[in-house]
Amino acid sequence: MANYQWYPGHMTKAKRMMQEDIKLIDLVIELVDARVPFSSRNPDIDELGKNKSRIILLNKSDLADTEKNRLWMSHFASKGFHVLEINAKAGAGMKAIQGVVQEACKEKIERDRRRGILNRPVRAMVVGIPNVGKSTFINSYAKRACTRTGNKPGVTKGKQWIRLNKKLELLDTPGILWPKFEDQTVGLHLAMIGSINDELVHIDELAYELVKFLCGEYPGALESRYGITIPDKQDAYEIIRAVCVSRKCYLKGEEPDIMKASSMIVDDFRNGRIGKITLEIPGE
């Protein structure tokens, strides 16, 4: 299996920025990809966000296994997070967010009220690793009408706030943290969902691992997508060859075009065409 890695320089800088910014906020909204909720989190966020209200949004939940979404919701809730399934692109689940924000920040709002501070907006920061849909989420939530509220007294010069509505403001330096992975499975899962540039991975290796996983966890998914028959104990490589035949992916001289079929399988998975699939379950 290929060795997947990031450039830690970005991470150090992003982490330092977040440490500064976190002092200004009440709430951390963390986006994860519902198909890989473990691999698409950065463990540093728990450390950086301790003592803050926390919401985890399972984004792209429409592409993930409905039953597994429920397992992950329970898992995160049991750890004290407020959790929601959303699909930021289509806007699904977005209406419920305001209520969850109020619930997550109930103590802060109550504390303000006791001090006679009424209707002060909750200040939030949206964090997540690349490609989990942060920009889509912010644009969708703000309905593309973000109004900057400008610098505030006591706020580091240059920090801008976006007023999403009367009750919520967003610090517009979205925290991008790169995933840390000693475990290569995390790298593999991120490559499968497209969070690692495809130029850095071998698409045939990726398809091989994906096919192996699907045969074990989602039997029948590949057969119904590609109209192939998979005998017991068929090697993943042979299945990719069968997809070549089924989809007429050939090089010159009727040689199966493994790379073309591999790209198709990975792309079909990423776009939900093979079905609703989750690569991880809690506690693995």
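Scroll up for the structure.
> How should I be thinking about the overall build of the protein chain in this particular structure?
Check the secondary structure of the protein chain and you find 11 helices and eight strands. Put simply, the protein chain has 284 residues, and 49% of those count as buried. Taking as baseline every contact in the protein chain between residues at least 6 positions apart, the subset at least 24 positions apart corresponds to 70%. When the accessible area of the protein chain is evaluated, it comes to approximately 14600 Å², of which 51% is carbon and sulfur surface.

> Looking at this structure, I do not really get the packing of helix H7 (residues 184-193) against helix H8 (residues 203-217). What am I missing?
A pair of packed helices can be characterised by two numbers: the angle between their axes and the separation between those axes. At a minimum axis distance of 10 Å, the contact between H7 and H8 shows a crossing angle of 100°. Looking at the two axes, H7 sits roughly perpendicular to H8. Residues Leu-188, Ala-191 and Met-192 of H7 lie in contact with H8, whose contacting residues are Leu-206, Glu-209 and Leu-210.

> How do you make sense of the pairing of strand E6 (residues 161-165) when you look at a structure like this?
Along any regular strand the residues' side chains alternate between the sheet's two faces. Pairing of E6 with strand E7 (residues 168-171) involves four bridges; the strand directions are antiparallel. For Asn-165, the partnering residue across the bridge sits in E7 and is Leu-168. Once E6 ends, the chain turns through two residues before running back antiparallel as E7.

> What's the story with H8 in this structure? I'm lost.
Two residues of an α-helix separated by three or four positions point the same way, owing to the 3.6 residues in each turn. End to end, H8 covers 21 Å across 15 residues, agreeing with the expected 21 Å (1.5 Å per residue, within 8%). Listing the buried residues of H8 in full gives Ile-203, Leu-206, Ala-207, Glu-209, Leu-210, Val-211 and Leu-214. Where H8 is buried, its residues contact H7, helix H9 (221-226), helix H10 (236-246) and helix H11 (258-270).

> Any chance you could explain the nonpolar core here in plain terms?
Across soluble globular proteins, nonpolar side chains show a tendency to be buried alongside one another. Counting 63 residues, the largest nonpolar core has Leu-27, Leu-57, Ile-97, Phe-137 and Ile-274 as the members making the most contacts within it. Excluding residues that lie within four positions of it along the chain, Leu-27 makes contacts with Ser-53, Arg-54, Ile-55, Val-101, Ala-104, Cys-105, Val-122, Arg-123, Ala-124 and Met-125.

> Whenever I open this one, unusual backbone geometry confuses me. Can you help?
The phi angle of most residues is negative, glycine excepted, and most peptide bonds adopt the trans form. In this model, Lys-60 sits at a positive phi of 60°, which is unusual for a non-glycine residue. Checked against the element boundaries, Lys-60 lands in the loop between strand E2 (53-59) and helix H3 (66-78). Here Lys-233, not a glycine, exhibits a phi torsion of approximately 60°, which is positive. Within the secondary structure layout, Lys-233 lies in the loop between H9 and H10.

> Explain the pairing of strand E4 (residues 122-128) here, please?
Burial runs high along E4: six of the seven residues are buried. Here four bridges tie strand E1 (residues 27-33) to E4, and the two strands are oriented parallel to one another. Looking across to E4, one finds that Val-28 is bridged to Met-125.

> Quick question: what am I supposed to make of the packing of H7 against H11 here?
In the contact formed by H7 and H11, the axes pass within 8 Å of each other and the chain directions differ by 85°. Taken together, the axis directions place H7 and H11 in an arrangement best described as roughly perpendicular. Of the residues in H11, those touching H7 at Ala-191, Met-192 and Ile-193 are Val-266, Phe-269 and Arg-270. Here the residues of the contact of H7 with H11 are counted per class, giving five nonpolar, no polar and one charged.

> So what exactly am I meant to see when it comes to the state of the cysteines here?
A covalent bond between the sulfur atoms of two cysteines is referred to as a disulfide. Under the counting rule described, the total for this entry stands at zero disulfides. Here Cys-244 stays unpaired: no disulfide links it, and the sulfur of Cys-249, its closest cysteine neighbor, is 5.3 Å away.

> Please explain the packing of aromatic side chains as it appears in this structure.
Aromatic rings considered in pairs are described by the distance between their centres and by the relative angle of their planes. On inspection of all chains with the given rule, the structure shows four aromatic pairs. An angle of 10° between the planes, with centres 5.7 Å apart, marks the rings of Phe-137 and Tyr-141 as stacked. Of this pair, Phe-137 and Tyr-141 are both found in helix H6 (residues 134-141), four residues apart, which corresponds to roughly one turn of the helix. A network of ring pairs unites the aromatic residues Trp-72, Phe-76 and Phe-81 as a single cluster.

Conventions adopted
Residues numbered from 1 in each chain as written. Predicted model: local features only at pLDDT ≥ 70, side-chain atom pairs only at ≥ 80, totals over all residues. Heavy atoms only, no water. Helix = DSSP H or I, 4+ residues; strand = E, 2+ residues; numbered from the N terminus. Buried < 20%, exposed > 50% of the residue type's maximum accessible area, 1.4 Å probe, protein only. Contact = heavy atoms within 4.5 Å. Areas by Shrake-Rupley, 256 points an atom, 1.4 Å probe, with all protein chains shown as cover. Axes fitted to C-alpha atoms, helices over the stretch in contact; angles between N-to-C directions. Parallel < 35°, antiparallel > 145°, perpendicular 65-115°, else oblique. Pairing = 2+ DSSP bridges. Expected span 1.5 Å × (residues − 1). Core = buried A, V, L, I, M, F, W, Y, C linked by side-chain atoms within 4.5 Å. Nonpolar A, V, L, I, M, F, W, Y, C, P; charged D, E, K, R; others polar. Disulfide = S-S within 2.5 Å. Phe/Tyr/Trp six-rings, centres within 6.5 Å; stacked < 30°, edge-to-face > 60°.

The values are spatial; any link to function lies outside them.
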